[in-house]
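Coordinate analysis (summary)
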Amino acid sequence: MIGLGSIGQRHLRNLLTLDYNDVSVVKRSGILPGEFSFLPCYPSVQDALALHQFDAAIICTPTAVHLQSVFPLLHAHVPNIYVEKPVSHTLNQLDELVELAHTFGSRIVVGYDLHFDPGMQKMKELLAQNAIGKIVSVNAQVGQYLPDWRPTQDYREGISAKKETGGGVMLDLIHEFDYLYWLIGPAESLCCQYSNSGALDIETEDVCEVLIRFRNSVIGTIHLDYLQQKLIRNCMITGQQGTVFWDLSTSQVRWINSEKEEQVFEYKHFERNDRFVETMRVFLSGDQDDRHTSLEAGIESLRWVMAAKFSADHHTFVNPHNFHPQQLVS
């Protein structure tokens, strides 16, 4: 377990609940919270690798330093690597990352846990069943007040507030880019506007709007913000014969067909942590599961974000598939 912030602690508790007790932790200070003090702890990935051969690694460090852990793990032939989303904060070194993963035969999974939400899975099932006919549009939105994310910490000192650590709504809330790729497919072109409203006293963007045309001619929008006083996270997909609407905050999927027949799928019994538990269980079992995001798919969603930023900065439409790091202008 590399990194022990809030998500690292969540994963570690879940690992112990799943009876994975032979866990080493990498934490720069070398000091673990009391509940984990019985586990071995190392100040760096290199120190841990010098003493052990690991079956799996889970990376929960700040986004901007993910690759500093991944490359040593690959060279040490660690076969299973889980990287919290997003893969990185830039597209630099990702071609090398893919090549090394293939060379060493390592499986890299990117931590898009929303794929394990029952509502998201129901959406994918309905689309596979052609329940609303040919898809014509999709609208995804998410917003949550940043100071409420981790109430015990000063959000202005956190990762989200700083550019150098990979913060901002576009990388923090990259789930929307990822699940639209998972549900709808590759993007053909996109444009974007983002801004810092000044309301939060942070240096990163706190609101963003993206317009997308997918390769299959579906058009869509993504809205992201740090400002909603009450969590919203939903997605509406419109087809030629109906509409399906997923609402995470109410744990519901609602859909209507061309006969005006409405149906509702509810999963209010499902707790948020359940999807993190299932993510870890499946990852460590080694089973192939299409709910997991591959390295290549994880890079695709990051490419969308980088292309969207470039679009906003240069007032142009961008094809994310053909977008490369050298296009970035500081």
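Not measured: the values here are computed from a predicted model.

1. Some details on unusual backbone geometry
In this structure, the amide linkage connecting Lys85 to the following residue, Pro86, adopts the cis form with an omega of -15 degrees. Mapped onto the elements, Pro86 comes out in the loop between strand S4 (80-84) and helix H4 (94-104). Look at Lys260: it is not a glycine, yet its phi comes out positive at around 65 degrees. Structurally, Lys260 is set in the loop between strand S12 (252-257) and strand S13 (262-266).

2. Considerations on the pattern of salt bridges
Taken as a whole and judged by the stated rule, the model has nine salt bridges. In this structure, Arg275 and Asp113 form a salt bridge, with 2.4 Å as the shortest nitrogen-oxygen distance. One end of the pair, Arg275, is in helix H8 (residues 272-285); the other, Asp113, is in the loop between strand S5 (107-111) and helix H5 (118-128), and 162 residues separate them in sequence. Each member of the pair, Arg275 together with Asp113, is buried. Notably, a salt bridge pairs Arg291 with Glu278, separated by 3.4 Å at the nearest N-O pair. Placement of the pair is Arg291 in the loop between H8 and strand S14 (293-294) and Glu278 in helix H8, with a sequence separation of 13 residues. Exposure remark for Arg291: the relative accessible area of 17% places this residue in the buried category.

Cut-offs applied
Residues numbered from 1 in each chain as written. Predicted model: local features only at pLDDT ≥ 70, side-chain atom pairs only at ≥ 80, totals over all residues. Heavy atoms only, no water. Helix = DSSP H or I, 4+ residues; strand = E, 2+ residues; numbered from the N terminus. Salt bridge = Lys/Arg side-chain N within 4 Å of Asp/Glu carboxyl O. Buried < 20%, exposed > 50% of the residue type's maximum accessible area, 1.4 Å probe, protein only.

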